[in-house]
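Overview (structure and organization)
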Amino acid sequence: MGGAGNLRVIDAAVVTPSDGLPARSLPLTFFDVKWLRPPPVQRLFLYRLDHQHGTAQQLISDLRRSLSMVLTLFYPLAGHVRLTPATDRYEFFYQPGDGVAFTAAEYDVHVDDLASCSDDQPVPVAKLAPLLPPLPKGRAVLAVQATVLLGGRGLALGITLHHSACDGASSTHFLHTWAAACAGVDMPPPPVIDRTLIADPKNLYGIYSKGMVPSDGAEIEFAGTSLSSYPADQLLATFTLSQELLHGIKDALTAEAARHGAATMPLRCSSLLAAYSFIWSCYCRAKQGQSPMDDVDRTKTTYFLFSVDHRARLDPPVPKWYLGNCLGPAIAAARHDELAADPLVGLFAAFTALADALEEAVGEGARDRWDGCVERVKEAVKAGVLSVAGSPKFSVYDVDFGFGRPAKVDIVSVAKTGRGSLGGVEVGISLPPTGMERFRRCFSDAIRVVGGK
């Protein structure tokens, strides 16, 4: 099995913006500051290579060159987080000489052994973790590692990005821009870097940041990302939800709604809500089979956490290309035994709870509840929560640096945070071996019930 011992670092450098930029600072907003404590997001892109695109070393050189170009546009990602001098508020700070840690390495594992991360071929997280760089000390927000895989037949691109710097929409905007610059094609529009777009009349920053500044005035340090921070036996598997399956889920939910006496669904069932409902109910059934549960465990409330992008919902709306965080949580709650019931019953219970959570997050009066959202998330995490990272809207399989689309994209950090990841119609799940096998069985059983193949 691959591990850190199979990795050889061949170069470590700092990539700075190509254009000379003056020192700049950018205040964290209330959307940003709540992400200071959680660990960074670690996304892994796996590419198959052939010799028509040049040597792996040339590709790494092209990646460095184009990263330098793009950091001029996304300069906050080349800086770090610090306390604004003489205040208790945080900011991103860039000064000449700052840059992104870029590691080049070799790894004696074949790309196919890593890219075949399907439901029936889960990959040990310990085999993937060495391909992801740690963030340097000093609250840097971005690190990159390009690793040549066995025989030069594959390239792994590991991205570690701290969530305080930006959300998934912004981070994938950065990745698409970098890929276009490397491939020599037209780039997306540049990022909008303007924190005045995020108004804070209720001092949500002060509410969210409470307790984050050490009493002695020292700087905080970000959570670590070392290999040892991953559970030793954790597996990562990808479960595919085909369009046929998603249609089957929606039809099953419509039938269940009619059985409950509802003429229509409580909310239009998007593919995203269908996927969330299916995964949450499967997860709860798998967890129920983990060990005998008493009445208290069976009837306790369990939670599902997902994010809502508020760019278009703010007044005035924030531009699509805004660089930063603009997410709010949606927290679904339901009894564990209802979610873990018969697949159709559990599926409908999950959907109803998720639809209610989405309405609460975006409906009338939603912003009046933002002051308590951090505490509500903490309560859900304490009670037991399944949360998701990523979105099909990010189009991560279109991140082509000029040597083809990725064969596989994984958010490996879900193994540490107890989250799932969603991209395209794939759902990444990280569990120990016995839990993974139970989830696989529940997933397959549920597919048969809703009529997917």
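That block above? That's the structure.
Residues numbered from 1 in each chain as written. Predicted model: local features only at pLDDT ≥ 70, side-chain atom pairs only at ≥ 80, totals over all residues. Heavy atoms only, no water.

Some remarks on the overall build of the protein
For clarity, the threshold we go by: Helix and strand assignments follow DSSP, with helices taken as H or I runs no shorter than four residues and strands as E runs no shorter than two, numbered in order from the N terminus. Categorising residues by exposure relies on relative accessible area from a 1.4 Å probe, with only protein chains included: less than 20% of the type maximum marks a residue as buried, more than 50% marks it as exposed, and the intermediate range marks it as partly exposed. Only the protein chains shown count as covering a residue, and every accessible area follows the Shrake-Rupley method with a 1.4 Å probe.
The helix and strand tally for the protein stands at 14 helices and 16 strands. Burial analysis of the protein (453 residues in total) assigns 52% to the buried set. Accessible surface computed for the protein: about 19100 Å², of which carbon and sulfur atoms make up 53%.

As for the layout of surface pockets
If a probe the size of a water molecule is rolled over the atoms, the empty space left behind becomes visible. Defined as follows: Method remark: on a 1 Å grid restricted to protein atoms, a set of points is classed as a cavity if a 1.4 Å probe fits but cannot get out and as a pocket if it is open with protein on both sides within 12 Å along at least five of seven lines; lining residues have an atom within 4 Å of a point. Grid points are joined across faces, edges and corners, and a volume is the space filled by probe spheres set on the points.
Its boundaries defined by the atoms lining it, the second largest pocket holds a volume of some 910 Å³. Lining the second largest pocket we find 36 residues, and of these Trp35, Pro38, Leu305, Val377 and Val381 sit closest to its centre. When residues of the lining of the second largest pocket are traced back to their parent elements, those giving at least two are α6 (204–208), β11 (301–309), β12 (327–335), α12 (373–383), β13 (385–389) and α13 (414–417). A total of 6 residues in the lining of the second largest pocket trace back to one element, the largest contributor, which is α12.

A look at the nonpolar core
Inclusion rule: As used here, the term nonpolar core means buried Ala, Val, Leu, Ile, Met, Phe, Trp, Tyr and Cys residues forming a set that is joined through side-chain atoms within 4.5 Å. Residue contacts are counted whenever heavy atoms from the two residues lie within 4.5 Å of one another.
If you look at the biggest cluster of nonpolar residues, it comprises 71 residues, and the most contacted ones within it are Leu77, Leu157, Phe174, Trp178 and Phe401. Setting aside its immediate chain neighbours within four residues, Leu77 contacts Leu71, Val100, Val141, Leu142, Leu161, Ala165, Cys166 and Phe174. The next biggest cluster of nonpolar side chains, apart from the first, holds 51 residues, and it includes Leu245, Ile279, Ala361 and Ile429.

Details of the environment of Asp371
Secondary-structure assignment places Asp371 in the loop between α11 (343–362) and α12. Separated by 164 residues in sequence, Asp371 and Ile207 place their C-alpha atoms 6.9 Å apart. When neighbours within four sequence positions are excluded, Asp371 is seen to be in contact with Leu204, Ile207 and Tyr208.

Quick notes on the sheet that holds strand β1 (residues 7–15)
In plain terms, the rule: When DSSP finds at least two bridges between two strands, those strands are taken to pair. Angles here are taken between N-to-C directions and fall from 0 to 180 degrees, while the axes themselves are lines fitted to C-alpha atoms, restricted in helices to the stretch in contact.
Within the open sheet, the 6 strands sit side by side as β1-β6-β8-β9-β3-β14. Their pairing is mixed. Looking at which strands have only one partner, the edges of the open sheet turn out to be β1 and β14 (408–411). Between one strand and the next, the sheet's axes are offset by a mean angle of 15°, whatever the strand orientation. Two strands pair when backbone bridges link them, and strand β8 (residues 142–149) and strand β9 (residues 154–161) are joined in this way by 7 bridges, in the antiparallel orientation.

So, the side chain of Asp167
Put simply, the rule is: Counting of polar contacts relies on pairs of N or O atoms within 3.5 Å, with two restrictions inside protein: one atom must be capable of donating a hydrogen and the other of accepting it, and residues adjacent in sequence are counted only when both atoms are side-chain atoms.
Within the fold, Asp167 resides in the loop between β9 and α5 (168–183). You can call Asp167 buried: its relative accessible area is 1%. Only 3.3 Å separates the side chain of Asp167 from the backbone nitrogen of Ala169, close enough to count as a polar contact. Setting aside chain neighbours within four positions, we find Asp167 in contact with Arg311, Gly324, Asn325, Cys326 and Leu327.

Brief notes about the pattern of salt bridges
What counts is decided by this rule: Salt bridges are defined by distance alone: a side-chain nitrogen of Lys or Arg within 4 Å of a carboxyl oxygen of Asp or Glu.
A complete count under the given rule lists 21 salt bridges for this structure. Residue Arg335 pairs with Asp337 through a salt bridge whose shortest N-O separation is 2.5 Å. Its relative accessible area of 22% is what places Asp337 among the partly exposed residues. Between Glu338 and Arg335 there is a salt bridge, and its shortest N-O distance comes to 4.0 Å. Overall, Glu338 belongs to the partly exposed group, its relative accessible area being 38%. Members of the salt-bridge network, linked through shared partners, are Arg8, Glu106 and Asp108.

Here we look at unusual backbone geometry
Following Asp315, the chain continues to Pro316 via a peptide bond in cis, the omega torsion being 0°. Mapped onto the secondary structure, Pro316 falls in the loop between β11 and β12. If you check the backbone angles, Arg139 has positive phi at about 65° while not being a glycine. Tracing the sequence through the fold places Arg139 in the loop between α4 (125–128) and β8. The phi dihedral of Ser395 is positive, around 50°, even though this residue is not glycine. Topologically, Ser395 is positioned in the loop between β13 and β14. Using a relative accessible area of 31% as the deciding quantity, one classes Ser395 as partly exposed.

What about the packing of helix α7 (residues 243–259) against α11?
In a packed pair of helices, the relevant descriptors are the angle between the two axes and the axis-to-axis distance. Put simply, the test is: When describing relative orientation, an angle under 35 degrees is termed roughly parallel and one over 145 degrees roughly antiparallel, while 65 to 115 degrees is termed roughly perpendicular and anything else oblique. We call Asp, Glu, Lys and Arg charged. Ala, Val, Leu, Ile, Met, Phe, Trp, Tyr, Cys and Pro are nonpolar, and the rest, Gly among them, are polar.
Two elements in contact, α7 and α11, have axes separated by 10 Å at closest approach and are oriented at 90°. It follows from the interaxial angle that α7 and α11 lie roughly perpendicular. Of α11, the residues touching α7 (which contributes Ile249, Ala252, Leu253, Glu256, Ala257 and Arg259) are Leu344, Val345, Leu347, Phe348 and Phe351. Looking at the contact of α7 with α11 residue by residue, the class counts come to 9 nonpolar, no polar and 2 charged.

Brief notes about the sheet that holds strand β4 (residues 80–83)
An order of β2-β5-β4 is seen for the 3 strands of this open sheet, with the pairing classed as antiparallel. Lying at the two open borders of the sheet, with one neighbouring strand each, are β2 (24–27) and β4. Strand-to-strand twist of the sheet, defined as the mean angle between neighbouring strand axes without regard to direction, takes the value 35°. For β4 and strand β5 (residues 90–94), the ladder comprises 4 bridges, and the chain directions are antiparallel. Looking at the pairing, Val81 lines up with Phe92 of β5.

Remarks on the packing of α7 against helix α14 (residues 433–450)
Cut-off, in case you're wondering: In this scheme the crossing of two helices becomes right-handed for a clockwise turn of the near helix relative to the far one and left-handed for an anticlockwise turn of less than a right angle.
Two elements in contact, α7 and α14, have axes whose closest approach is 9 Å; the angle formed by their N-to-C orientations is 65°. By the criterion of interaxial angle, the relationship of α7 to α14 is roughly perpendicular. Two packed elements cross with a definite hand, and for α7 against α14 that hand is left-handed. On the side of α7, the interface is formed by Leu245, Gly248, Ile249 and Ala252, while α14 contributes Phe443, Ile447 and Val450.

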